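Spelled out, the chains give:
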Amino acid sequence: MPAMKFRGVDFLAFDNLISDDERLVRDTTRQFIEENLIPIIEECNRAGRFPQELVKPMAELGYFGASLKGHGCAGMSNVEYGLVMQELERGDSGIRSFVSVQSALVMYPIYAFGSEEQKRSWLPALQKGEKLGCFGLTEPDFGSNPGGMRTRARKVGAEYVINGEKMWITSGSIADVAIIWAKLENEQESIRGFIVETDRPGFEADDVHGKWSLRASVTSGLSLQDVHVPECNLLPKSNGLKSPLMCLNQARYGIAWGGIGAAMACYDSALQYSLVRKQFRDQPIASHQLVQEKLAWMITEITKGQLLVLQVGRLKDADKVEHQHISMAKRNNVWVALECARMARDILGANGIADDYPIMRHMMNLESVKTYEGTHDIHTLIIGSSVTGIDAF
Ligand code: TGC
Ligand code: FAD
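Quick look at the structure, then.

Criteria and thresholds
- Residues numbered from 1 in each chain as written.
- Chains lettered and ligands numbered in written order.
- Predicted model: local features only at pLDDT ≥ 70, side-chain atom pairs only at ≥ 80, totals over all residues.
- Heavy atoms only, no water.
- Helix = DSSP H or I, 4+ residues; strand = E, 2+ residues; numbered from the N terminus.
- Buried < 20%, exposed > 50% of the residue type's maximum accessible area, 1.4 Å probe, protein only.
- Areas by Shrake-Rupley, 256 points an atom, 1.4 Å probe, with all protein chains shown as cover.
- Lys, Arg positive; Asp, Glu negative; His and termini not counted.
- Charge placed at Lys NZ, Arg CZ, Asp CG, Glu CD.
- Near = heavy atom within 4 Å.
- Polar contact = N/O pair within 3.5 Å; in protein donor to acceptor, adjacent residues only side chain to side chain.
- Salt bridge = Lys/Arg side-chain N within 4 Å of Asp/Glu carboxyl O.
- Core = buried A, V, L, I, M, F, W, Y, C linked by side-chain atoms within 4.5 Å.
- Contact = heavy atoms within 4.5 Å.
- Phe/Tyr/Trp six-rings, centres within 6.5 Å; stacked < 30°, edge-to-face > 60°.
- Lys NZ or Arg CZ within 6 Å of the ring centre and 35° of its normal.
- Nonpolar A, V, L, I, M, F, W, Y, C, P; charged D, E, K, R; others polar.

Turning to the overall build of the protein chain, a few remarks are in order. Check the secondary structure of the protein chain and you find 10 helices and 7 strands. Once the C-alpha set of the protein chain is aligned to its principal axes, its extents read approximately 80 × 45 × 40 Å. Every one of the 393 residues in the protein chain was classed for burial, and the buried ones make up 56%. Of the accessible surface of the protein chain, which amounts to about 16,700 Å², a share of 52% is contributed by carbon and sulfur atoms. Separation of charge centres in the protein chain, based on 42 positive and 49 negative side chains, amounts to 3 Å.

Moving on, we come to the site of ligand 1. In the vicinity of ligand 1 lie 24 residues, with Ser97, Ser144, Asn249, Arg252 and Gly374 positioned nearest. Interatomic distance of 2.8 Å between a side-chain N/O atom of Ser97 and an oxygen atom of ligand 1. The contact in question runs from a nitrogen atom of ligand 1 to an N or O atom on the backbone of Ser144, over 2.9 Å. When isolated, ligand 1 has an accessible area of 1,100 Å², and the protein chains bury 73% of it. Of all the elements in the fold, those that place two or more residues in the shell around ligand 1 are α4 (93-113) and α6 (242-276). Top element by residues in the shell around ligand 1 is α6. It accounts for 6 residues.

Counted by the stated rule, this structure contains 25 salt bridges. With a shortest N-O distance of 2.4 Å, Arg96 and Glu89 are connected by a salt bridge. Grouping residues by exposure puts Arg96 and Glu89 together as buried. One salt bridge connects Asp92 with Arg361, and the closest N-O pair in it is separated by 2.7 Å. Taken together, the positions of Asp92 in the loop between α3 (78-91) and α4 and Arg361 in helix α9 (residues 359-371) put the pair 269 residues apart, joining distant regions of the chain. Summarising the burial analysis for this pair, Asp92 and Arg361 share the class buried.

Right, let's talk about the nonpolar core for a bit. If you look at the biggest cluster of nonpolar residues, it comprises 64 residues, and the most contacted ones within it are Met58, Tyr63, Phe64, Leu88, Phe98, Trp181 and Trp257. Among the elements that make up this core, the one with the highest residue count is α4 (11 residues). Every residue in contact with Met58, bar those within four places of it in the chain, is listed here: Phe32, Tyr63, Phe64, Leu88, Ile95, Phe98 and Val99. Listed in part, the 35 residues of the second largest apolar core include Tyr273, Val336, Ala341 and Met343.

With that out of the way, let us pick up the environment of Gly202. Residue placement: Gly202 occurs in the loop between β5 (191-197) and β6 (203-207). Overall, Gly202 belongs to the partly exposed group, its relative accessible area being 34%. Counting along the chain gives 40 residues from Gly202 to Ile162, while the straight-line C-alpha distance between them is 9.2 Å. Those residues in contact with Gly202 that sit more than four places away from it in its chain are Ser223, Leu224, Gln225 and Val227.

Looking now at the packing of aromatic side chains. Considering all chains together, one arrives at 8 aromatic pairs under this definition. An angle of 80 degrees between the planes, with centres 6.3 Å apart, marks the rings of Tyr108 and Phe113 as edge-to-face. Residue Phe113 is classed as buried on the basis of its relative accessible area, which comes to 4%. Geometrically, the ring pair formed by Tyr160 and Phe194 is edge-to-face, given 5.1 Å between the ring centres and 65 degrees between the ring planes. In this pair, Tyr160 sits in strand β3 (residues 159-170) while Phe194 sits in strand β5, placing the two residues 34 residues apart along the sequence. Like Tyr160, the residue Phe194 is buried in the burial classification. Cation over ring: Lys119 sits above Tyr111, and NZ or CZ is 5.8 Å from the ring centre.

Relative to the helices and strands, Thr303 is located in helix α7 (residues 289-317). Excluding its chain neighbours within four sequence positions, the residues that come into contact with Thr303 are Phe11 and Leu12.

Attention now moves to the site of ligand 2. What surrounds ligand 2 is a group of 17 residues, the closest being Thr138, Ser144, Trp168, Thr170 and Thr375. The backbone of Leu137 places a nitrogen or oxygen atom 3.0 Å from an oxygen atom of ligand 2. With respect to ligand 2, the backbone of Trp168 contributes an N or O atom lying 2.7 Å from a nitrogen atom. Only β3, α9 and α10 (376-388) provide two or more residues apiece to the shell around ligand 2. By residue number, the principal contributor to the shell around ligand 2 is β3, which donates 3 residues. Broken down by class, the residue content of the shell around ligand 2 amounts to 8 nonpolar, 7 polar and 2 charged.

These figures come from the coordinates and say nothing about function on their own.
Pasting the structure below:
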């Protein structure tokens, strides 16, 4: 039984809540993914290959730094940007990850914390995909607690000398530039961001092999040993842990939309399959109450997730979003997506484990998405802290 074409998921007239422009952006991205990613993604997943050939076309569609203004960026609204992320992740979480990192974790910090000169020299090239970036916050011993980082930057004359290890870095070995977060070697030990060109002596990136998740995305460890950068590579407006956390807000927001995309892919595959697969009395499995219960759960949770992230997007467009709102959307929508993937896999029976269908790939990817950008449980604690006023980290 061949996998069937994705038909979109809209149970509660979601399309009435978005504008013509927003629909156009979504539909253009859906078509791009259908024509360019779907035909190659299973091969990429098997081979552990990032489809780098899609970088240029995605740049041309304005996906990099899409919600930033000026410097060649598309200036999309946050809802438009979110719909792009939804469609990318409907294809594969790895491709959405790549765009998240390039946009939210590399272009955004330069945009928000950089000098005019830094913006001029980096943003247009990153927007065009001529330069690729990565974001180094996590370290081998500091994941959920990045404030404990060991990476240090020492001021020596007109340079900074950076030493440290970063781990689990998306796009690490294909990046031309890394945004590296380090503590200054001074009394305050404040965390600052640095633009580090990856061809500087002392900088190395080694890929993580043997991943069962995000196989179409590059994940690397970074080693910085006495890497010298000129003082003009410091992001002048970065100041403390709050700065990288502000970047994470941008990326977590995109993931919250992306989760819905992956959930839609799994739900639609399972629904279509259940209508044609027959078991007992020559009836489609969709006629069994227990299968319907799973489909009903999935469509209800996807619909709630769509409304949640749309409201977060509207608040973000009105400059009224708070980071705990984004945590709620990331936590909920990735959890929903993973549950949908597990239920959809179940509905497909044995076929569910084969890569003739996208479900198992999404399920494996979503295990990473649940962990990165703040684990599910860390977001639980962020929401808990917000409603009680008590940090329980
Ligand atoms: P804490 O003392 O709570 O906070 C330090 C300062 O930051 C403020 N703050 C935030 N500001 C903006 N946005 C946020 N989301 C913020 N969260 C906190 C806070 O108000 C404080 O400000 P100030 O003015 O008082 O200094 O910091 P903490 O050390 O207790 O840690 C808090 C915690 C656990 C929430 C935080 O560290 C955290 O979020 N941990 C999770 C780490 C994480 O998400 N890492 C992601 C790495 S990047 C990645 O995974 C990329 S995957 C990309 C892909 O492939 O798609
Ligand atoms: P840990 O922090 O060791 O957590 C392990 C477990 O303990 C989790 O279940 C967690 O919820 C729980 N836990 C931890 N602290 C608490 C607490 N206080 N209370 C209750 N439970 C707790 N990082 C980057 O900087 N850049 C990237 O580009 C990037 N890309 C990534 C790509 C992939 C594929 C993956 C898997 C990770 C990536 N990361 C990246 C790292 C990611 O952000 C971290 O993995 C994540 O923040 C969790 O850290 P950890 O893996 O060290 O888990």
